[in-house]
Amino acid sequence: MTDDVTEAATGAATDGAVRESPLSERIEAILLIIDEPIGLVALAAAVGSPVAAVRQTIETLVDDYDGNGQGPRRGFELREVGGGWRLYVREDHDDVVAEFVGGQAPARLSQAALETLAVIAYKQPVTRSQVASIRAVNVDSVVRTLLARGLITELFADSETGAINYGTTDALLQHLGINTLDELPPISPLLDDGADGFDEGTIR
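Residues numbered from 1 in each chain as written. Predicted model: local features only at pLDDT ≥ 70, side-chain atom pairs only at ≥ 80, totals over all residues. Heavy atoms only, no water.

*Asks:* Mind showing me how you'd approach the packing of helix H6 (residues 111-123) against helix H7 (residues 128-135) here?
*Replies:* Geometrically, a packed helix pair is captured by the angle between its two axes and the distance between the axes. At their nearest, the axes of H6 and H7 sit 10 Å apart, and the two run at 115° to each other. When you trace H6 past H7, the crossing you get is right-handed. Taken together, the residues of H7 that come into contact with H6 (itself represented by Ala112, Glu115, Thr116, Val119, Ile120 and Lys123) are Val131, Ile134 and Arg135. Taken together, the residues of the contact of H6 with H7 sort by class into 5 nonpolar, 1 polar and 3 charged. (Axes fitted to C-alpha atoms, helices over the stretch in contact; angles between N-to-C directions. Helix = DSSP H or I, 4+ residues; strand = E, 2+ residues; numbered from the N terminus. Left-handed = near helix turned anticlockwise from the far one by under 90°. Contact = heavy atoms within 4.5 Å. Nonpolar A, V, L, I, M, F, W, Y, C, P; charged D, E, K, R; others polar.)

*Asks:* Where do I start with the sheet that holds strand S3 (residues 126-127) in this structure?
*Replies:* Read across the open sheet, the 3 strands follow the order S3-S5-S4; overall the sheet is antiparallel. For this open sheet the edge positions go to S3 and strand S4 (152-157), each flanked by a neighbour on one side alone. Note: S3 against strand S5 (residues 164-168), 2 bridges, orientation antiparallel. Directly across from valine 126, in S5, lies its bridge partner tyrosine 166. Along the sheet, helix H8 (residues 140-148) makes contact with S4 and S5, crossing S4 at roughly 110°. (Pairing = 2+ DSSP bridges.)

*Asks:* Whenever I open this one, H6 confuses me. Can you help?
*Replies:* Owing to its 3.6 residues per turn, the α-helix brings residues three or four apart onto one side. The terminal C-alpha atoms of H6 lie 18 Å apart, and with 13 residues this matches the ideal 18 Å at 1.5 Å per residue to within 8%. Turning to H6, its buried residues number three or more, namely Ala113, Thr116, Leu117, Val119, Ile120, Ala121, Tyr122 and Lys123. On the buried face of H6, the contacting elements are S3, H7, H8, S4, S5 and helix H9 (170-176). (Expected span 1.5 Å × (residues − 1). Buried < 20%, exposed > 50% of the residue type's maximum accessible area, 1.4 Å probe, protein only.)

*Asks:* Quick question: what am I supposed to make of the nonpolar core here?
*Replies:* Generally speaking, nonpolar side chains in soluble globular proteins are found buried as a group. Ile27, Leu31, Leu43, Val47, Val54, Ile58 and Leu78 are the most contacted members of the largest nonpolar core, which totals 18 residues. Looking at this core, the elements with two or more residues in it are helix H2 (23-33), helix H3 (40-47), helix H4 (51-65) and strand S2 (84-89). At 5 residues, H4 tops the list of elements feeding residues into this core. Residues Leu117, Ile120, Val142 and Ile152 belong to the second largest nonpolar core, which totals 15 residues. (Core = buried A, V, L, I, M, F, W, Y, C linked by side-chain atoms within 4.5 Å.)

*Asks:* Quick question: what am I supposed to make of the packing of aromatic side chains here?
*Replies:* The relation between two aromatic rings is expressed through the spacing of the ring centres and the mutual angle of the planes. Per the counting criterion, the structure on display carries 1 aromatic pair. Aromatic side chains tyrosine 65 and phenylalanine 76 sit 4.9 Å apart centroid to centroid with 65° between the ring planes, which places their arrangement in the edge-to-face category. Here the residue tyrosine 65 occupies a position in helix H4, and phenylalanine 76 occupies one in strand S1 (residues 76-81), the gap between them amounting to 11 residues. The aromatic ring of tyrosine 88 is capped on one face by arginine 79, whose charged end is 4.3 Å from the ring centroid. Above the plane of the ring of tyrosine 88 lies arginine 86, whose end atom (NZ or CZ) is 5.4 Å from the centre. (Phe/Tyr/Trp six-rings, centres within 6.5 Å; stacked < 30°, edge-to-face > 60°. Lys NZ or Arg CZ within 6 Å of the ring centre and 35° of its normal.)

*Asks:* So what exactly am I meant to see when it comes to the pattern of salt bridges here?
*Replies:* It is possible for side chains of opposite charge to pair when their charged atoms get near one another. Scanning all chains against the criterion turns up 7 salt bridges. As a salt-bridge pair, aspartate 66 and arginine 90 come within 2.6 Å of each other at their nearest N and O atoms. Of this pair, aspartate 66 sits in the loop between H4 and S1 while arginine 90 is found in the loop between S2 and helix H5 (94-104), placing the two residues 24 residues apart along the sequence. Judged by relative accessible area, aspartate 66 falls into the partly exposed class, the value being 28%. Two residues, glutamate 77 and arginine 90, come together in a salt bridge whose shortest N-O distance is 3.6 Å. Of this pair, glutamate 77 sits in strand S1 while arginine 90 sits in the loop between S2 and H5; the two residues are 13 residues apart in sequence, bridging distant segments of the chain. Under the relative-accessibility criterion, glutamate 77 is labelled buried at 18%. (Salt bridge = Lys/Arg side-chain N within 4 Å of Asp/Glu carboxyl O.)

Structure (structure tokens):
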């Protein structure tokens, strides 16, 4: 019975050693999820290894990523900044990354654009001059921005004045996470008297 227990304990210890991933992999896993540089002590605590072993592994990873080992140089590097370590894109690839990020995440709309978009959403169909009258500012450039973003579109031209009437697009609904304009919140609580700047028939 004693031999069986000893053998089982030895087997469990061996299995545990086999399952434990290499220190370099554990360190990489932490480096991939952090938002700020992490110090050696904190990193050692996170991976459950001595600081000296972590420091040595960090040095090895730096050489590996820089192409000083057997593999090629990577598009990222492990850099020490402010007393901590973090993965960074290599400076050589800043332009590529900036172009990609810019295409994936357009700059946020300005406050003026958001206000104009709100007027169009609740008032549509509405002309540019009507929007300008409600906001009491020129909205030409803002309307062009909203058109370029695909958030509003030209619906039709007024038969008498030729003025273009604008409305929102399905893209706006997708950004807001709603199916129809009827799901927009009521405008009344947002205004002093529930009607300032809007015709009575357009108040939601």
